[in-house]
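Now for the letters of each chain:
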Amino acid sequence: MKIGYFPGCSLHGTAPEYEASLKLVAKAADIELVEIEDWNCCGATAAHSMNRMLSIALPARNLAIAEKMGLEEVVVPCAACYSRLLFALNEFKLDEKVRMNLQPIIETEFKGNIKILNVLDFLEKYVMDALKNKVDDKFKKKAACYYGCLLVRPPKLTNSERWDDPLRMEAILKKIGIDSIDWSFKTECCGAGLSIARTDIVGKLSGKIIEDAKDRGADMIVTACPMCQSNLDMRRGAINNYLKKDNNIPAIFITQLIGLAFGYSEKDMQFDKLFVPISFSNNNFSNNNDNLKMQKSKVKEVKV
Amino acid sequence: MARIGVFICHCGENIASTVDCGKVAEISSKIPGVVFSTDYKYMCSDPGQTLIKDAIKKYKLTGVVVGACSPRMHEPTFRKVVASEGINPFFCEMANIREHCSWVHPKGEETTQKAADTIRILVEKVRNNEPLYPIKVPVTKRALVIGGGIAGIQASLDIANAGNEVILIEKEPSIGGHMAQLSETFPTLDCSQCILTPRMVEVAQHPNITLMSYSEVESLEGFIGNFKATIRKKARFINEELCNGCGDCTLKCPIKKIPDEFNAEMGKRPAIYVPFPQAVPNKPVIDKDNCTHFKNGKCQFCKTNCSAGAIDFDQQDQLITVDVGAIVVATGFTIKGTDFFPEYGYGKYKDVVTGLQFERLLSSSGPTLGEVRRPSDGKVPKKVVFIACAGSRDPAKGIEYCSKICCMYTAKHAMLYKHKVPDGEADIFYMDIRAGGKNYEEFVRRAVEEDDVNYIRGRVSKVYEKNGKLIVRGVDTLLNSTPVEIEADMVVLATASVAHSDAESLAQKLHISYDSYNFFSEAHPKLRPVETNTAGITLAGACQAPKDIPESVAQASAAASKTIALFSQDLLTREPIIAVSNKSTCVGCFLCQSVCPYLAIEREEIKDRNGNIIKTVASINSGLCQGCGTCVAFCRSKSIDLQGYTNNQVFSEVSALFERSEEYV
Amino acid sequence: MSEFEPKIVAFVCNWCTYAGADLAGTSRIKYAQNVRIVRFPCTGRIDFMLLLKAFEEGADGIIVSGCHPADCHYTSGNYHARRRWMVFKDLLDFIGIDSRRIVFSWVSAAEGAKWAHLVNDTVSEIRNLGPMKEYKNLENVSSNKIGELIND
């Protein structure tokens, strides 16, 4: 079965491990992800604060191309892209003016029949069933499922239930034997786009997330958004600066864990791309000193 | 031959500024049957009324059409005028040329023509009017009061003290309502139970009051003065006659861990229980869902330990029908639980409680005997954060109204907490402080100035747990919207007051209207705030909208006075706008019966002189019929007509719709 | 030729729509003059023969309006009216009267503005439909001609 795939800039840039793991997971579930041809930026985060029509037209062009390619559904793994695409589709459906004015801008016919899936929608719909009997003892770890802001909000657009305290990732991880903690920062802001301009703010916001997860006994943070993951992982230096102690709790993509459960190797899942190391092999989960050192050196590299 | 007079009112300038009233009078004078027509500046004034009376005498009028304001305004006035001259008042009709014409159209011929048309339509109606006479119906001088909170108690006592019988029904095992759960009351800090329980006892002992606790309305039929209510007296599995209220059974019950409703689930109770020590009636009730005997028949501890032999496991619900003349609805309100608030933890943090729960923690009869101890570990909280408007005034939560009581009780909570824990700190997040009421503002000032309560103007976005503390994250809008984070030991939510979940179904049983929040609607928001749209049914207390105690009591007394006024008459007079059936043409299909909302259509057997049934026809109970006329439109053989809106009248009105007089063609 | 001014009749219930029209008056909301109001206790009372009668008398359009569902002063009269309307519509189609000439609506006592909109919308809708000729044409058809018409 073929499903459309909109990688967005992150999955081709800062989060190659997310793309690699998602593709392999899809393959294991017999799904072929077809990348939208000649896709463009979703508009996040500048377009919608500058120009409403632009913020609709950018994502709509991608959706129109996907429709043209005969795709009925498109999976959008980046939460920010997901939010923009969903917003554009919704505006297109609700606002007649948008419908009238859009076509000359994007120079493509758009019907608005396409369905947009975020990575959780995708896993629930196409992968959950294939995860039967994939419970693995090596996964006996506590996860803190971190959703961030755009996967669930705004609730009217995403139709999320329990948008303040979602439980969807928890249910998926349960399938492979990972238990999740109950914590308070599932949908807090990680600092998002301030990552470059105000790393100190990211350190503070993400720091609080890391701190609460750790205090409640989580062994790892599981995310479904490349922005969240990069802030929690790559900005660990700034985070540790803010927290004034070294925290080595890893932040990993949900697809990387699912991939392991399907039998792919940690190398396939590109665990080596993570700044804060994690490994499930040889019952050697916790980060040993060497790893910690490695992490520190990596953090230094980033700072430079 | 009809002799009709037409009287056109200028209503000062209200009509005359856009309608040429003289012209309308002139056109009207040419309608066949109209023998007199005139216009005048204020027809409802004394000289205007005299003008009509004189014309009736002088021209021997048999009918009158007044072209003026809406009949909803002055129809009774002009009918009285006509009646004073010896004409049946139903020969007077009003043509609405103000609200429906002069006020909504510009000055001009078209508007004048519309006024003239309206007059002509009503002239045709009057021509076909028939004399009608008011209907007299008897009054049952017994009131049904639904709900035994403070409003229901007050209404019952007032009605009973005026010498009328009262049946007070309460769905819980004891009367007392929410007021019995309160610790102290604002703004005087009287002990709530101390002022309430004497009233409860008075109800129980009053010779005119029949108290039916653990009972609910099953159905209601009838009309003002003549209601027939069916009440479901739920089985409490106790023979109330034999029970002496010793309470041994409640001590012996092995089940002890059921969340206690009276303590807002802050405490535990057994499966056989009296809700609280001062309960009226002071008789226990068995909670069937949690009782071991009802689950598997294995326990009879209460029965074997009852010296009075009052436990009756075989008791059944009873349906009791009572005749009453008036009904006071005083079913009160309920509050939203903490699980309504995802941002405050969906009810998963034990130390986030509702205002009512905090009230029980403050109460000397509560689970902690009046010591403020937090539910999670029983420690005395040193920092309590109160969040006002939890749900209220929040369109996102679907509750747009103000719950009215929270500002005051939150100030009271903070004050009482500081009295009990002097070294504790109390912070209140609020949107606005609404302290309108006698001595209310002063009370809030006292909380701030004497008891050092810290008010923070802003809303709380999130409450979460960290290291055993509840972190309350909000904003202080008076300090340039500074984010605020407070580490609290306990959080109290002043959750919204809402209608009971069964309010809608009760309203439907009683045929009273309710608003989009399921609060019951008054007949008029300003001038009839106590009555409902159904005659004979009045409202008292928070079932209408959130109210505090003084307001509930005042409204209860108002409802009682309406009821007493009704009972002061032996016969009620009703408008004769009711349906009548023609028994000679009725074929007895009874389609009418199936559409009548009031069950007013009965089967009547027509017999010959030997007593043999010739046919069965529809007969209309004039007491039950409210005059909607649905049966008339449904009757296939045109055998039912509606007095005041007969087929003759309405068809001739329609026939007169577009007959334009010569001059305007 | 001046623009066609349709004649509209409104059959309204006393408790909601009549009061709503009163409110339009007290709020001084202006609307088209074309409407003539006939008051009934309830839309349930409205015998739909009256609608045909109104067309016969020269009405070009008809408004039937009562209380909103669940708000009927008499509990259920408006529901009966609605059901009758659903059946009546089929009859209109059958006898060849455009059912758009009858507008069925709910206007509560609090909806003065809605009443004004209802009248204005109905007037412009009927203006587009043109004068009601169907009934008049039928009146002029003799019984012989009916036969011819059928054969046509």
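All values reported here derive from a predicted model rather than from experimental measurement. (Residues numbered from 1 in each chain as written. Chains lettered and ligands numbered in written order. Predicted model: local features only at pLDDT ≥ 70, side-chain atom pairs only at ≥ 80, totals over all residues. Heavy atoms only, no water.)

**Examining the state of the cysteines**
Tallied over the entire structure, the rule returns 2 disulfides over all chains. Here C191 of chain B pairs with C194 of chain B through a disulfide, and the sulfurs are 2.2 Å apart. Judged by the sign of its S-S torsion, about 85°, the bond between C191 of chain B and C194 of chain B is right-handed. C191 of chain B sits in the partly exposed class, given a relative accessible area of 27%. Here C16 of chain C pairs with C67 of chain C through a disulfide, and the sulfurs are 2.4 Å apart. (Disulfide = S-S within 2.5 Å. Buried < 20%, exposed > 50% of the residue type's maximum accessible area, 1.4 Å probe, protein only.)

**Digging into the interface of chain A and chain B**
One frequent convention defines the size of an interface as the accessible area lost when the parts assemble. Contact with chain A, which involves 13 residues of that partner, is made by 12 residues of chain B. The largest share of the area that chain A buries against chain B comes from D164, S184 and E188 of chain A, three residues that together contribute 36% of it. For the interface between chain A and chain B, the tally reads 6 salt bridges. Connecting chain A to chain B are 8 residue pairs in polar contact (both at pLDDT 80 or more). Split into classes, the residues belonging to the side of chain A that touches chain B amount to 2 nonpolar, 1 polar and 10 charged. (Contact = heavy atoms within 4.5 Å. Buried area = accessible area lost by both parts, 1.4 Å probe. Salt bridge = Lys/Arg side-chain N within 4 Å of Asp/Glu carboxyl O. Polar contact = N/O pair within 3.5 Å; in protein donor to acceptor, adjacent residues only side chain to side chain. Nonpolar A, V, L, I, M, F, W, Y, C, P; charged D, E, K, R; others polar.)

**Side note on the sheet that holds strand β4 (residues 92–96) of chain B**
Residues and elements named next belong to chain B. Pairing within the open sheet is parallel, and its 4 strands lie in the order β2-β1-β3-β4. A single partner strand is all that each edge strand has here, and the edge strands are β2 (34–40) and β4. Mean inter-strand twist for the sheet, computed between neighbouring axes without regard to direction, equals 15°. Where strand β1 (residues 4–9) lies against β2, 6 bridges are found, and the strand directions are parallel. The residue bridging I4 from the neighbouring strand is V34, located in β2. (Pairing = 2+ DSSP bridges. Helix = DSSP H or I, 4+ residues; strand = E, 2+ residues; numbered from the N terminus. Axes fitted to C-alpha atoms, helices over the stretch in contact; angles between N-to-C directions.)

**Notes on the pairing of strand β7 (residues 165–169) of chain B**
All names here are of chain B. The element β7 is largely enclosed, with a buried count of 4 among its 5 residues. With 5 bridges joining them, strand β6 (residues 142–146) and β7 adopt parallel strand pairing. Paired with A143 across the strands is V166, a residue of β7. With helix α6 (residues 150–161) bridging β6 and its parallel neighbour β7, the resulting β-α-β unit is right-handed. Examined bridge by bridge, β7 and strand β10 (residues 209–212) share 4 bridges and lie parallel to one another. Looking at the pairing, I167 lines up with T210 of β10. (Right-handed = clockwise from strand over helix to strand, strands pointing away.)

**A short note on the domain arrangement of chain A**
All names here are of chain A. Each assigned domain of chain A is listed with its residue range as follows: domain 1 (2–120) and domain 2 (134–302). Look at where the C-alpha atoms of domain 1 and domain 2 centre, and you get two points 25 Å apart. Applying the counting rule to domain 1 against domain 2 returns 0 salt bridges. Residue assignment for the side of domain 1 that touches domain 2 shows that the elements contributing at least two residues are α1 (8–12), α2 (16–28), α5 (79–94) and α7 (119–127). The element contributing the most residues to the side of domain 1 that touches domain 2 is α2, with 10 residues. (Domains from an automatic or database assignment.)

**Quick notes on the pairing of β1 of chain B**
Look at any regular strand and the pattern is simple: side chains alternate between the two faces of the sheet. All names here are of chain B. For β1, the tally of buried residues reaches 6 of 6 residues, placing the bulk of the element in the interior. Along β1, one buried face is formed by I4, V6 and I8 and the opposite face, lined by G5, F7 and C9, is buried too. In this fold, the crossover linking β1 to β2 by way of helix α1 (residues 21–29) has right-handed handedness. When β1 meets strand β3 (residues 63–68), the two strands line up parallel, connected through 5 bridges. Residue I8 lies in a different strand from β3, and its bridge partner there is G67.

**Focus: the interface of chain C and chain B**
Contacts between chain C and chain B engage 44 residues on the former and 45 residues on the latter. Looking at the side of chain C facing chain B, the largest losses of area belong to Q33, R36 and R45 of chain C, adding up to 21% of the total buried there. Here chain C and chain B share 3 salt bridges between them. Across the pair D47 of chain C and K638 of chain B runs a salt bridge, and its minimum N-O distance is 2.9 Å. The interface formed by chain C and chain B holds 17 residue pairs in polar contact (both at pLDDT 80 or more) in total.

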